[in-house]
Each structure stands twice: as structure tokens, then as C-alpha cells.
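Fold and contact review
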Amino acid sequence: MESIGVLMTCPMHTYIEQQLAKRFNLFKLWHYPSLSAFAKTHATAIRAVVGSPKVGVDAATIDSFPNLEIVATYSVGYDSIDIQRCREKSIPVTNTPNVLTDDVADLAIGLALTLLHKISPSPKLSGKAVGIIGLGRIGSEIAKRAEAFGCPISYHSRSQKRECNYKYYPNILDLAANSEVLIVACTLSQETRHIVNRPVIDALGPKGILINIGRGPHVDEAQLVSALRQGRLAGAGLDVFQNEPEVAQELLGLENVVLTPHVGSDTVETCIAMADLVIANLEAHFLGNPLLTPVYPLLRS
Ligand code: NAP
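What you are looking at is a predicted structure, and each value in this text was computed from that prediction instead of being measured. (Residues numbered from 1 in each chain as written. Predicted model: local features only at pLDDT ≥ 70, side-chain atom pairs only at ≥ 80, totals over all residues. Heavy atoms only, no water.)

Some thoughts on the packing of helix H5 (residues 101-118) against helix H6 (residues 137-148)
Formally: Axes here refer to lines fitted to C-alpha atoms; in helices the fit is confined to the stretch in contact. Angles between the N-to-C directions go from 0 to 180 degrees. In this text, helices come from DSSP runs of H or I with a minimum length of four residues, and strands from runs of E with a minimum of two, each type numbered from the N-terminal end. For classification, angles of less than 35 degrees are called roughly parallel, those exceeding 145 degrees roughly antiparallel, those between 65 and 115 degrees roughly perpendicular, and all remaining angles oblique. Crossing handedness is defined as follows: a turn of the near helix away from the far one that is anticlockwise and smaller than a right angle gives a left-handed crossing, while the clockwise case is right-handed. Contacts: residue pairs with any heavy atoms within 4.5 Å of one another. Asp, Glu, Lys and Arg are counted as charged, while Ala, Val, Leu, Ile, Met, Phe, Trp, Tyr, Cys and Pro are counted as nonpolar; the rest, among them Gly, fall into the polar class.
Packing of H5 against H6 leaves a shortest axis separation of 8 Å and a crossing angle of 50 degrees. Between H5 and H6, the angle is such that the two are oblique. Where H5 crosses over H6, the two elements pack in a sense that is right-handed. Contact with H5, carried on its side by Thr 101, Asp 102, Val 104, Ala 105, Asp 106, Ala 108 and Ile 109, involves Arg 137, Ile 138, Glu 141, Ile 142, Arg 145 and Ala 146 of H6 and no other residues of that element. Here the contact of H5 with H6 is built from residues that sort into 7 nonpolar, 1 polar and 5 charged.

Here you go:
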């Protein structure tokens, strides 16, 4: 496979760069002045693109490479990939589910604990009502961890999960009103952009804390800042931000926040597992085998 051209959109972990370079003809987009400059000389060489939440794969990138066969994202979330364009062109997309679930759930609880200990007078996490937006892989692991702290769990998602006994709120305002700690763990889409808005923040209330380990645009950041400033919300623990990698100055100046720079899945073990999964998907594709973790089913001709 050494002759197959694979393009990485931005620096990721050293391990994935090394492993891709061992197996493929690896190109690094950030070594070139621009996408168009790169495409001028290498357009036909590229058969796979590996993106990440930091620099995804947009329509311009997809359209730049006439021989593009597969797009892989070094993340479980695929909001930075133009899925519609990939589907139009019958290009499969893969992501990295499951292998990062524990880490992100750990971070959500870590942010909540750190934040509560920072807020004065410090309230405790044990026994607090925890509401989870998105009871998927990560949300379910957050729930398990919060249960161990004796927290009653409730959640909001598109559908009720029959396999658990947590209280389901079809309406997010009801979830927020009945939560002391509200944790965002859903997919980012048009429907969930600003799912945490002013009414949700107000329903959570002045003793409530918000944790976001999903994606920055889930939260209306301007409304969050004003609620934190005015004491309409007790605090926020954020791993993700509206305009990454920038973090709003207004957030940096607040006392009642704990901020981490989108590091939910950044442990050594998980970075390696994610890289191995990206590579396993690429190898499966080029060997004509079924993909391990396709984002959507695609019929092969
Ligand atoms: P998942 O298993 O697919 O779970 C996604 C959840 O979102 C599901 O419970 C789904 O509900 C819910 N959801 C989707 N659309 C919704 C809507 N319109 N309203 C309410 N809920 C909705 O995904 P996951 O593996 O847990 O990952 C979740 C997200 O975490 C990723 O998409 C990514 O953005 C983020 N993430 C962040 C980091 C980080 O470093 N901070 C790392 C990894 C992942 P239904 O089941 O009812 O459809």
C-alpha cells in the first residue's frame, strides 16, 4: 500500500503520523501553503483523506481530489466532515467510536468535580441530580460514573432508552429544570446547535452547573457568559468551545469556570487506539474488506 496517497489535514498525534507514513505515501497538508497549492501538484495522488475536529474535510477538499475513495476522521464526532458531499460522491466515511468513550466520560466527571471544588462555597457532587443530554456511548458511561457518586440520573435524547431505568425527558427544558449538573454529550447537528440556549440555562438556574464535553456549538456561548457573569448559573466546565482553537476572552476572565482545551480523548492509550482504528479502516478499504466503523452504510459495486 506504500504507493497509495493519503493526506492528513492537520497535525494529530505523532503515533498516527508515524503509522500512516509506514504504510502509505503520506502527505501533510500543513506543509503546503494552501489546499489549492497542494492540489495543483498532488491532486491525482490522493486516494484517502484523514481529518480531525481541528481541521475537517470540507466540500472543497473532497472536490480537490478526483481519485478520492475514502475519508477517515480521527474522532467519533463527524461534524467536521462534509457528510452530504461524501454521500453524493459515494465516498465512505469512517470514525473512531467506542475506543475513546471512557476517557471522555472520565473528563466529564473530572470537570464537574474540579468545578464544584472551585466554586465558593464549594457544593459536593455526591447525590446531585445529574441530567445528560445525549445518552449515547459517552453519555451512558457518564451516567454509570455519576451513579457511583450516588447521583440520580435523568436524560434527554431523541428516543427513550428502554435498556436503562434513568428518567427520560422528551423536553430538554424539563431535564434542565430537574438537574443540578447538566452534561452535554450529544452529537452536533443542525438540531443540536445551541441546544443549550438561554431558556435551558435559566431552567438549570443559579445553583446549576453546566458541563460540555460534546462540541462548542452545542452551547450558546454568549448566553452562557452572561448567565455566569450575572450569577444566573453557578458554573461551567468546558472542554469544547464555539470558535476553537480560540477561547472567548470573556470565558477566560471568569472565576466560576474550568476550561480544558478539547482534550477529551487525548490520553496516550486512546490516541493509539484511535490511530489504529483509522488505519484499520483504511487498510480494510484498500484490501476490499468491510469497514470496521463506517459512519453510514454504503453499497459497494
Ligand atoms: P453516540 O453514541 O452516537 O451518542 C450520541 C447521542 O446524541 C445519542 O444519545 C443521541 O440520541 C443524541 N442525539 C443526537 N441528536 C440529538 C438531538 N437532536 N437531540 C437530542 N439528542 C440527540 O456518540 P458518542 O460516541 O457518545 O459521542 C457523542 C459526541 O461526543 C460526539 O458526537 C462528539 O461530538 C463528542 N465527543 C467529544 C470529545 C471531546 O474530546 N470532548 C471526544 C469524543 C466525542 P438518540 O440515541 O436518541 O439518537
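Quick look at the packing of helix H1 (residues 14-23) against helix H11 (residues 268-287)
With their axes 9 Å apart at the nearest point, H1 and H11 run at an angle of 25 degrees to one another. Comparing their axes, H11 and H1 come out roughly parallel. When the axes of H1 and H11 are compared, the crossing they make is right-handed. Taking contact as the criterion, the partners of Tyr 15, Ile 16, Gln 19, Leu 20 and Arg 23 in H1 are, on H11, Ile 272, Ala 275, Asp 276, Val 278, Ile 279, Leu 282 and Glu 283.

Focus on the pattern of salt bridges
The line we're drawing: Here, a salt bridge means any Lys or Arg side-chain nitrogen found within 4 Å of an Asp or Glu carboxyl oxygen. Partly exposed describes any residue whose relative accessible area lies between the buried limit of under 20% and the exposed limit of over 50%, with all areas from a 1.4 Å probe on protein chains only and scaled to the type maximum.
Per the stated rule, a full pass over the model turns up 13 salt bridges. The salt bridge partner of Arg 47 is Glu 69, with a shortest N-O separation of 2.7 Å. Of this pair, Arg 47 sits in strand S3 (residues 46-51) while Glu 69 sits in the loop between helix H3 (59-64) and strand S4 (70-73); the two residues are 22 residues apart in sequence, bridging distant segments of the chain. The exposure class assigned to Glu 69 is partly exposed, which follows from its relative accessible area of 27%. Note that Arg 232 is salt-bridged to Asp 202, the shortest N-O span being 2.8 Å.

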